[in-house]
Amino acid sequence: MRGEVEPEPAIEGRIVPRPVVNLAAVEEVLSDEAAELLQQARSDNTHRAYAGDWARFSDWCAANGASPLPATTATVLNYIAHLTTLGRAPATVDRAVSAILSIHTDTGVERPSTRPIREALRAYRKLRAKAGFRPRRSLPITIEILRAMIEAQPDDTPTGIRNRAILTVGYAAMTRRIELHNLNIEDLTFLREGLEVFIAMSKTDRDARGVSVPLPYGSHPGTCPVRVESAWLEVLAEHGITSGPVFRAIDKNGRIAGAVGHDGAPVRRAGRGDGIRMTPEAINLVVKQAARAAGIPHADRYSAHGLRAGGATDAADAGATMSGICQHGRWSENSPVVMQYIRHRDKWKNNPMLRVGL
């Protein structure tokens, strides 16, 4: 697992330099349409993160009389040193550097030398480790923990039914939170064997071909993804919702975003996103609140990623093959991340100290 990137305040209205392309050593400025295509190559989350990182780097350069584009290797190294003095996590510093280098590549400007930059990042990680800092990783939400979270949800309320669907489908389909965010009712197909969830876009599906993830019936009604998701869709249908986002915002009065109100107008919520579809951050908050409500030890270390990690961990423990887990969870083949989940179980199941007579 990678270390978590620290949240940064959003920076709105900042302009990221437009990409250009170098053809036969002649730089040509892209049309608006071509630039938009390149912009769509990255996820919205990456765009937001890079825009914020670039804005902070540009502001620092302006305050220190340095050029952000093109930036010299020394400028980037000095900026790294600046971030380290602020105590930024290595993953946060690494992402900032990636944003800077990416902007240089996108704009056709010569990039700073990466070797000393990577060496500086490596040195910072060592210094942090020596100082006692450890990467803060999301704990896997295994089946026992999942059941406790689901039992802690309020019964027979739209919020409780929705949250149970988020938790169960997230675990069973080993989803990323952005995949739950993007899920539409049209992406769900109920079959005799179970539920097929169509993931239109995935981190490892760079060409957005999409993939159907089969979810069989579970033996426990409370954690059966087919029954739990069907219950949530029934709630949506009762409120006149039969298409569009699956996981929607719900206000404190239990009104579902997009439902038709008494005045005939759709209910909307103010806030981030379109006011209807739950944001990835809101989905993450559901998981964190469920962990706290269930009284799980170290509850603050559970996040939406734990559903994905827990599903893979339990599948490995049950004897699923690595290739099967990778395919189901949309990891690249022979993913080192999946191998970590398998090793997490093996270090306890096959521990060399188990049978020595301690």
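Residues numbered from 1 in each chain as written. Predicted model: local features only at pLDDT ≥ 70, side-chain atom pairs only at ≥ 80, totals over all residues. Heavy atoms only, no water.

- The name given to the protein in an unreviewed UniProt entry is Tyrosine-type recombinase/integrase, and the organism recorded there is Microbispora hainanensis.

### Some points on the environment of Arg-277
Step number 1: With respect to the element layout, Arg-277 can be found in the loop between helix H9 (225-238) and helix H10 (280-293).
Step number 2: Along the backbone, Arg-277 and Asn-182 are 95 residues apart, and their C-alpha atoms lie at a distance of 8.1 Å.
Step number 3: With residues up to four places along the chain from it excluded, the contact list for Arg-277 reads His-181, Asn-182, Leu-183, Asn-184, Pro-245 and Phe-247.
Step number 4: A polar contact is formed between the side chain of Arg-277 and the backbone oxygen of His-181, at a distance of 3.0 Å.
Step number 5: Looking at Arg-277, its side chain comes within polar contact range of the main-chain oxygen of Asn-182, at 3.2 Å. (Helix = DSSP H or I, 4+ residues; strand = E, 2+ residues; numbered from the N terminus. Contact = heavy atoms within 4.5 Å. Polar contact = N/O pair within 3.5 Å; in protein donor to acceptor, adjacent residues only side chain to side chain.)

### A look at the sheet that holds strand S3 (residues 188-190)
Step number 1: Read from one edge to the other, the open sheet built from 3 strands follows the order S3-S4-S5, with strand pairing classed as antiparallel. Edge strands, defined here as strands with exactly one partner in the open sheet, are S3 and strand S5 (211-216). Adjacent strand axes in the sheet meet at a mean angle of 20°, parallel and antiparallel pairs treated alike.
Step number 2: Of the pairings in the sheet, the one linking strand S4 (residues 194-199) to S5 comprises 6 bridges and is antiparallel in character. In the strand pairing of S5, Leu-195 is matched with Leu-215. (Pairing = 2+ DSSP bridges. Axes fitted to C-alpha atoms, helices over the stretch in contact; angles between N-to-C directions.)

### Some details on the packing of helix H3 (residues 73-85) against helix H4 (residues 90-106)
Step number 1: At their nearest, the axes of H3 and H4 sit 10 Å apart, and the two run at 155° to each other. For the element pair H3 / H4, the angle class is roughly antiparallel. Handedness of the crossing formed by H3 with H4: right-handed. Contact with H3, carried on its side by Val-76, Tyr-79, Ile-80 and Leu-83, involves Val-93, Ala-96, Val-97 and Ile-100 of H4 and no other residues of that element. (Parallel < 35°, antiparallel > 145°, perpendicular 65-115°, else oblique. Left-handed = near helix turned anticlockwise from the far one by under 90°.)

### Thoughts on the confidence of the model for the protein
Step number 1: On average, residues of the protein score 84 in pLDDT, and 81% of them reach the 70 mark or higher.
Step number 2: Throughout residues 7-12 the model reports pLDDT below 50, and contacts reaching past four residues in sequence, or to other chains, amount to 8 contacts.
Step number 3: Contacts from residues 19-27, a stretch scored under 50 in pLDDT, to residues over four places away or in other chains number 18 contacts. (pLDDT = per-residue confidence, 0-100.)

### Thoughts on the nonpolar core
Step number 1: In this structure, Trp-232, Phe-247 and Ile-256 are the most contacted members of the largest nonpolar core, which totals 30 residues.
Step number 2: Ranked by the residues each element gives to this core, the list is headed by H9, at 6 residues.
Step number 3: Core analysis: the second largest hydrophobic core is formed by 18 residues, Trp-54, Leu-83, Val-97 and Leu-121 among them. (Core = buried A, V, L, I, M, F, W, Y, C linked by side-chain atoms within 4.5 Å. Buried < 20%, exposed > 50% of the residue type's maximum accessible area, 1.4 Å probe, protein only.)

### Considering unusual backbone geometry
Step number 1: Here the residue pair Leu-69 and Pro-70 is connected by a cis peptide bond, since its omega of 0° sits within 30 degrees of zero.
Step number 2: Tracing the backbone shows Pro-70 in the loop between helix H2 (44-63) and H3.
Step number 3: A positive phi angle, near 55°, is found at Asp-156, a position not held by glycine.
Step number 4: What makes Asp-156 exposed here is its relative accessible area of 70%.
Step number 5: The phi dihedral of His-298 is positive, around 60°, even though this residue is not glycine.
Step number 6: The topology assignment puts His-298 in the loop between H10 and helix H11 (304-317).
Step number 7: His-298 gets classed as exposed once you look at its relative accessible area, which sits at 55%.

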